[in-house]
Amino acid sequence: ESTNGQAPQPFLGRASVVPGWSLGSEFRSEPGAGLRCCLRRLALCQPDPSSSRGHHLEMGPGRVAAAGAQVAESLDSQKKQSRKRKAQDAVSTHCSWTKSLLGFESADLSSWNRFVCLLNRPTDPAALGVFRFLFGLLMALDIPQERGLSYLDHRYLDGLQVCRFPLFNFLEPLPLDWMYVVYMVMLLGALGIMLGCFYRLSCLLFLLPYWYIFFLDKTAWNNHSYLYGLIGFQLTFMNANRYWSIDGFWNPRKRNAHVPLWNYTMLRFQIFIVYFIAGIKKLDADWVEGYSMGSLAKHWLFSPFRLVLSEEMTNLLVVHGGGLVLDLTAGFLLFFDASRPAALFFVSYFHCMNSQLFSIGKYSTLPKLLHSKAAVPRGQLVNHSS
């Protein structure tokens, strides 16, 4: 025991246990130099006869070596922790960059299991529910117009010979009265999709008559009409009745329940295919050289461009060049979170022009609707049940 009644302090606890010894600035400036200085002073350290504690520290070679080993171990531990913190900061910076740009982390694609977990990540059902409602509304308006319900008696006259699709030439139109029944079933299905009422059944009621009518007459085919049938087919497998739906009102378990991310990803990928394939088709010589739409630059919509460009250059750069670049890039830009706002502006402008240039039904509205409403919120799942 200590002669002054105090418990002895461990040797490495504080520097003051060896009177008159201080690590000084040499130890603080450089880890390697500090270790050498510490070992040198420990080896030369001698007991202090003038110590007020009345006892002497015996510094044998064993204690000096143990003290040096502990100091070295402490320095190594500090270096490892510093390297670990730097690595964690680098990973965090990379993850935050990819998540803000792409909407997911690059590590989510590192393995099949992580990719499956990403696709099944719970997301807010609100955007999908709003898209389902508006898609059903547009289809309910499209059936009397583009599908031909309003002029059905002229479209399906008894014995009228029409051009059939290959592999579907066995299909024949029903008598006129029954064709009205088919159209009314399709209309009820579209209204059921819009309201989210008996959702799966409504998708089937819309889908089956739609494809029957689609394959019935090739002459009435529109190059975007297939897209509505494909989206209706995809909606059949999605949980789009979790928000803004009568099914959710009747069943509290469905109301505002989360939906997996693949519901949104499938819709985005479908529209990506539409744009990208259109861009690939525009890579032929006629389009690239500006001959496909030779007279389109005369339309009043291109008057602002003709203020700075000639009609020929407007036709080549704006009509053909702009259409090619937009179709090739729009699918990529609309798919990811960071680029979607800018892409929505150009795509909306493009489809508004198309609605004035061509008669293509509701297609000029559908892509804008799809990508503005099928955007997954970046934050956590929102609870709308309150």
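Criteria and thresholds
- Residues numbered from 1 in each chain as written.
- Predicted model: local features only at pLDDT ≥ 70, side-chain atom pairs only at ≥ 80, totals over all residues.
- Heavy atoms only, no water.
- Helix = DSSP H or I, 4+ residues; strand = E, 2+ residues; numbered from the N terminus.
- Buried < 20%, exposed > 50% of the residue type's maximum accessible area, 1.4 Å probe, protein only.
- Contact = heavy atoms within 4.5 Å.
- Areas by Shrake-Rupley, 256 points an atom, 1.4 Å probe, with all protein chains shown as cover.
- Axes fitted to C-alpha atoms, helices over the stretch in contact; angles between N-to-C directions.
- Parallel < 35°, antiparallel > 145°, perpendicular 65-115°, else oblique.
- Left-handed = near helix turned anticlockwise from the far one by under 90°.
- Nonpolar A, V, L, I, M, F, W, Y, C, P; charged D, E, K, R; others polar.
- Patch = residues over 30% accessible without salt bridge, like charges linked within 9 Å, V, L, I, M, F, W, Y side chains within 5 Å.
- Salt bridge = Lys/Arg side-chain N within 4 Å of Asp/Glu carboxyl O.

**Q** Any chance you could break down the overall build of the protein chain for me, citing the residues and the numbers?
**A** Regarding its fold elements, the protein chain presents 16 helices and two strands. Counting every position in the protein chain, which comprises 386 residues, the buried fraction comes to 39%. The long-range share in the protein chain, meaning contacts at least 24 apart out of those at least 6 apart in sequence, stands at 71%. In the structure as shown, the protein chain presents an accessible area of about 22,300 Å², 63% of it carried by carbon and sulfur atoms.

**Q** So what's going on with the packing of helix α5 (residues 126-145) against helix α9 (residues 225-237)? Which residues, and what values?
**A** One way to put it is that α5 packs onto α9 with a least axis distance of 12 Å and a crossing angle of 140 degrees. Viewed along their axes, α5 and α9 adopt a mutual orientation that is oblique. Here the hand of the crossing between α5 and α9 comes out left-handed. In this structure, α5 contributes Phe131, Phe135, Met139 and Asp142 to the contact, and α9 contributes Tyr228, Ile231, Gly232 and Leu235. Residue composition of the contact of α5 with α9, grouped by class: six nonpolar, one polar and one charged.

**Q** Which residues make up a nonpolar patch on the surface, and what values go with them?
**A** A cluster of nonpolar side chains, namely Leu174, Trp178, Val181, Val185, Phe198, Leu201, Leu205, Phe249 and Trp250, defines an oily patch on the protein surface of about 940 Å² accessible area. Within the residue set of the nonpolar patch, elements represented by two or more residues are α7 (176-195), α8 (199-214) and α10 (246-250).

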